[in-house]
Amino acid sequence: MPEVEFICLANSRRPGGRCVAGLRMDGKGWVRPVNSIGGTIFRQQYTLDDGREAAIFDVIRVSLKERFPQPYQPENWIVENEPWRLVRRLTLSEAGTFLSSNISTSLCFPGDQSDRVYAAALAQNPVAASLALIEPDSIQWHIKPNIKNRRQTRAKFELGGLPYDFVITDPEWEHRLEALPLGVHNRIDAGVSQEDRLLFTISLGAPKGGYCYKLVAAVIVLPTT
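Report follows, based on the coordinates. (Residues numbered from 1 in each chain as written. Predicted model: local features only at pLDDT ≥ 70, side-chain atom pairs only at ≥ 80, totals over all residues. Heavy atoms only, no water.)

1. What to know about the overall build of the chain
- The secondary structure content of the chain amounts to 4 helices and 14 strands.
- On the principal axes, the C-alpha backbone points of the chain span a range of 45 × 45 × 30 Å.
- Residues counted as buried form 48% of the 225 residues belonging to the chain.
- Here the chain carries 26 positive and 25 negative side-chain charges, and the mean point of each set is 6 Å from the other. (Helix = DSSP H or I, 4+ residues; strand = E, 2+ residues; numbered from the N terminus. Buried < 20%, exposed > 50% of the residue type's maximum accessible area, 1.4 Å probe, protein only. Lys, Arg positive; Asp, Glu negative; His and termini not counted. Charge placed at Lys NZ, Arg CZ, Asp CG, Glu CD.)

2. Description of the pairing of strand S1 (residues 3-14)
- Within S1, 9 of the 12 residues are buried, which leaves the element mostly enclosed by the surrounding structure.
- With 5 bridges joining them, S1 and strand S4 (residues 58-67) adopt antiparallel strand pairing. Residue pairing for S4: Val4 is matched across the bridge by Val62.
- Relative to strand S2 (residues 17-24), S1 is paired through 8 bridges, and the arrangement is antiparallel. Following the sheet pairing, Arg14 is matched in S2 by Gly17.
- Where S1 folds back onto S2 in an antiparallel hairpin, the turn is made up of 2 residues, including Gly16, whose phi is positive at roughly 85°. (Pairing = 2+ DSSP bridges.)

3. Here we look at the environment of Val216
- Looking at where Val216 falls in the secondary structure, it is placed in strand S14 (residues 211-222).
- With sequence-adjacent residues up to four places away left out, Val216 is seen in contact with Ala155, Phe157, Phe166, Val167, Ile168, Thr169, Asp170, Phe200, Thr201 and Ile202. (Contact = heavy atoms within 4.5 Å.)

Structure (structure tokens):
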């Protein structure tokens, strides 16, 4: 029953609960705590011992039961049924230093710039990683109807000269962007200045309708002042 501490870099919406993930403080990479049934983390788990839900920059201690890698998510660990403990919250300065040394300069997920991958293809060729922290070269907010004609919040961005357009599943940023009308908007329309550093946690989601979708699981702002 190993205990690990990780810095929370995603508390992302998923059906029935959340997907929480972060970087281990011991330098051993990403970890995604999951349940053995469905993988979804529920409120009683992602609510910490101080009564708040896990948030970006929280350093959290969890008890892990066993590795539970999936072809689409090799970082998964089943968690014990014990409270998650808040160790501390990183300052912006500490977070900036920590994150700068863990930024990926490219996305190595299959499917090129597409926002999805066939789940069946991943069953044959599992991914080496399903999580990445990136600092896009340019960012726009893309609000559009989805296939069910419901509002969908997306991020259009470039990384390494390549364009991407992924759904945002960060609940805080879905709420922050809900006043924007349909269309494409600049980063400043969400109150993010050009001087602020803007990072994304990118995640490959669990299979849905035969696909695994590439998601912006967290939007992270590091103010310059």
